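The chain contents come next:
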Amino acid sequence: MTLVSQTVTPYQMFSKAVIYIFVFLIGLAFASAHLDASPSQKQLTHLVWLLPLAFIIHPKVQISTDERRFVLFSALMFVSALISFSLAGDVTSFQSLKSYWGYLLPVGLVVTLANIKVTRKGLYGLLILAAVMAFVVVVKDHLYGGRRGAHHGLSIPYGVMSTTTGLLCLILSFDRSQSKWLRLALVLAFVAGMAASFWSLTRGAWLFLVLWGVAFIGLGFLKEISRRRKIAAVFILAAIFVALVLSPAYKAIDKRVAQAYQQIEYYMSGKSANTSTGQRFELWKVAINTFADNPVLGAGRSGFLREKQAMNAEKEVKIRSWLEHAHNDVLWISATRGILGLAAFVAFFAFLFNFYRRSLSNPDTRLAAYAGLTVCAGALVYGLTDIFMSLKLTVGYFMILNALLIRHIISQRNAAAPYADD
């Protein structure tokens, strides 16, 4: 990542230094999200309030139309949450709104990144660092005891972030404009990300890996590479799969998948709902009921919890007391924010998918567009069994990654056509 313009005055030197610091903090928060949940969540909270200062430092910075839309749609998600939670009496509860401040991260991210050129090497280096951080957790768990990302703190977010970051490294390793050593580093980072994904025992991440693999083969990405590289890619993926099957970790993975089938069977037959899968089904019932009673604006977090308590009391569901969200993005948003929140959610993702789809037509931005589509598709799949877009850590990860990819694509577009209106 390099600054666009050179400094000529003391104030410009100062502002340049501040922007560099902000960019460093963004990268630090992104990479550390893969290493340790607690400090990285605090960093993300600070960035929401710190980064908008870049508007004061560079009030005339040029922001593209697509970046403005990115800010607008993410802000609409925050506004919808604020309205619903205010009406539900949750607005004064830090616990209720703490994750949704992350929807405002793009405000500061866009103006900060608009002052720089997000280069390929800068972006690739950050992803490699993040994958290494994810692998460090695996090493720490082995050395000091622990399982499922214990030294990270949040095993499911750790697993899904490691999966997405690893896949991005694989996609970008096909960039023939870079040196073979950087591309090799990206492949190794992909392996590190996959190791972290499997170690996390996160079934939602594995589901996305399967779906992504089908899309990789069937939806045209392989058309972007030569026949020799296709063979190499398939060989590498097959080798990783064989190594995984032969490794001691395979037993844990096989057991984890088998448990899911067993838990579904137990729930459907009425034997038990007291499993991780069964509890999700029960929480989905609560979310559907909550939405049915409050379809337009939802019932807020407190309304969902009241519905859970009432259904527990009536023995309509059997849910553990410490489970406090729906474990499904769409159902959680519908229950707590209603149709208004769901509309903002759909509009936000529609914009992102459309932006990356349009960027596929440009050879200079095609790989980054594939990366962006992977990030967005992953978020939707992860949101089937958890609340990816309502957890501070994963919201921050998602916003930073999309802001970087959008700025990178715009930088590449401007480099190819410096006088074009982006």
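Another point: unusual backbone geometry. If you check the backbone angles, leucine 201 has positive phi at about 55 degrees while not being a glycine. Turning to its location among the elements, leucine 201 is positioned in the loop between α9 (180-200) and α10 (203-218). Under the relative-accessibility criterion, leucine 201 is labelled buried at 11%. Within the chain, histidine 327 stands out as a residue other than glycine whose phi angle is a positive 55 degrees.

Moving on: the packing of aromatic side chains. Taken as a whole, this structure holds 19 aromatic pairs when the rule is applied. For the pair phenylalanine 30 and tyrosine 397, a centre-to-centre distance of 5.2 Å together with 10 degrees between the ring planes defines the contact as stacked. With phenylalanine 30 in helix α1 (residues 10-32) and tyrosine 397 in helix α17 (residues 392-416), the pair connects residues that are 367 residues apart, well separated along the chain. Geometrically, the ring pair formed by phenylalanine 208 and tyrosine 382 is edge-to-face, given 5.4 Å between the ring centres and 75 degrees between the ring planes. Of this pair, phenylalanine 208 sits in helix α10 while tyrosine 382 sits in helix α16 (residues 366-382), and the two are 174 residues apart along the sequence. Judged by its relative accessible area of 3%, phenylalanine 208 falls in the buried class. Three or more aromatic residues joined by ring pairs form one cluster here, namely Phe70, Phe208, Phe345, Phe348, Phe349, Tyr382, Phe388 and Phe398.

Contact geometry of helix α13 (residues 276-293) with helix α15 (residues 329-359) gives a least axis separation of 8 Å together with a crossing angle of 20 degrees. On the basis of the axis angle, α13 is roughly parallel to α15. For the pair α13 and α15, the sense of crossing is left-handed. Between α13 and α15, the contacting residues are Trp284, Ala287, Ile288, Thr290 and Phe291 on the first element and Leu331, Ser334, Ala335, Gly338 and Ile339 on the second. Tallied by class, the residues present in the contact of α13 with α15 amount to 7 nonpolar, 3 polar and no charged.

It is worth spelling out the pattern of salt bridges at this point. Within the structure shown, the criterion is met by 7 salt bridges. When the shortest N-O distance is used, the salt bridge between glutamate 67 and arginine 407 registers 2.6 Å. One end of the pair, glutamate 67, is in helix α4 (residues 65-87); the other, arginine 407, is in helix α17, and 340 residues separate them in sequence. There is no split in this pair, since glutamate 67 and arginine 407 are both buried. Residues joined by salt bridges that share partners form a network here, namely Asp66, Arg69, Arg358 and Arg413.

This part is about the packing of helix α8 (residues 155-172) against α9. Close contact between α8 and α9 brings their axes to 7 Å; oriented N to C, the two are set at 155 degrees. Viewed along their axes, α8 and α9 adopt a mutual orientation that is roughly antiparallel. The handedness of the crossing between α8 and α9 is left-handed. Listed contacts from α9 to Ser155, Tyr158, Gly159, Ser162, Thr163, Gly166, Leu167, Cys169, Leu170 and Leu172 of α8 are Leu186, Ala189, Phe190, Gly193, Met194, Ala196, Ser197, Trp199 and Ser200. Its residues assigned to classes, the contact of α8 with α9 shows 11 nonpolar, 8 polar and no charged.

Another point: the nonpolar core. Counting residues in hydrophobic clusters, the biggest one holds 111 residues, and the most contacted among them are Phe70, Phe304, Phe348, Leu352, Met389, Phe398 and Met399. It is α17 that contributes the most residues to this core, 13 residues altogether. If we skip the residues at most four places from it in the chain, phenylalanine 398 touches Phe348, Phe349, Leu352, Val375, Cys376, Ala379, Phe388 and Met389. Judged by nonpolar contacts, the second largest core, of 5 residues, contains Ala134, Val138, Tyr158 and Ala196.

Moving on, we come to the side chain of threonine 163. Relative to the elements of secondary structure, threonine 163 occurs in helix α8. The class of threonine 163 is buried, set by a relative accessible area of 0%. Side-chain polar atoms of threonine 163 contact the side chain of serine 197, separated by 2.7 Å. Once you skip the residues sitting within four places of it in the chain, threonine 163 turns out to touch Gly193, Met194, Ser197, Ala205, Phe208, Leu209 and Tyr382.

Calculation rules
- Residues numbered from 1 in each chain as written.
- Predicted model: local features only at pLDDT ≥ 70, side-chain atom pairs only at ≥ 80, totals over all residues.
- Heavy atoms only, no water.
- Helix = DSSP H or I, 4+ residues; strand = E, 2+ residues; numbered from the N terminus.
- Buried < 20%, exposed > 50% of the residue type's maximum accessible area, 1.4 Å probe, protein only.
- Phe/Tyr/Trp six-rings, centres within 6.5 Å; stacked < 30°, edge-to-face > 60°.
- Axes fitted to C-alpha atoms, helices over the stretch in contact; angles between N-to-C directions.
- Parallel < 35°, antiparallel > 145°, perpendicular 65-115°, else oblique.
- Left-handed = near helix turned anticlockwise from the far one by under 90°.
- Contact = heavy atoms within 4.5 Å.
- Nonpolar A, V, L, I, M, F, W, Y, C, P; charged D, E, K, R; others polar.
- Salt bridge = Lys/Arg side-chain N within 4 Å of Asp/Glu carboxyl O.
- Core = buried A, V, L, I, M, F, W, Y, C linked by side-chain atoms within 4.5 Å.
- Polar contact = N/O pair within 3.5 Å; in protein donor to acceptor, adjacent residues only side chain to side chain.

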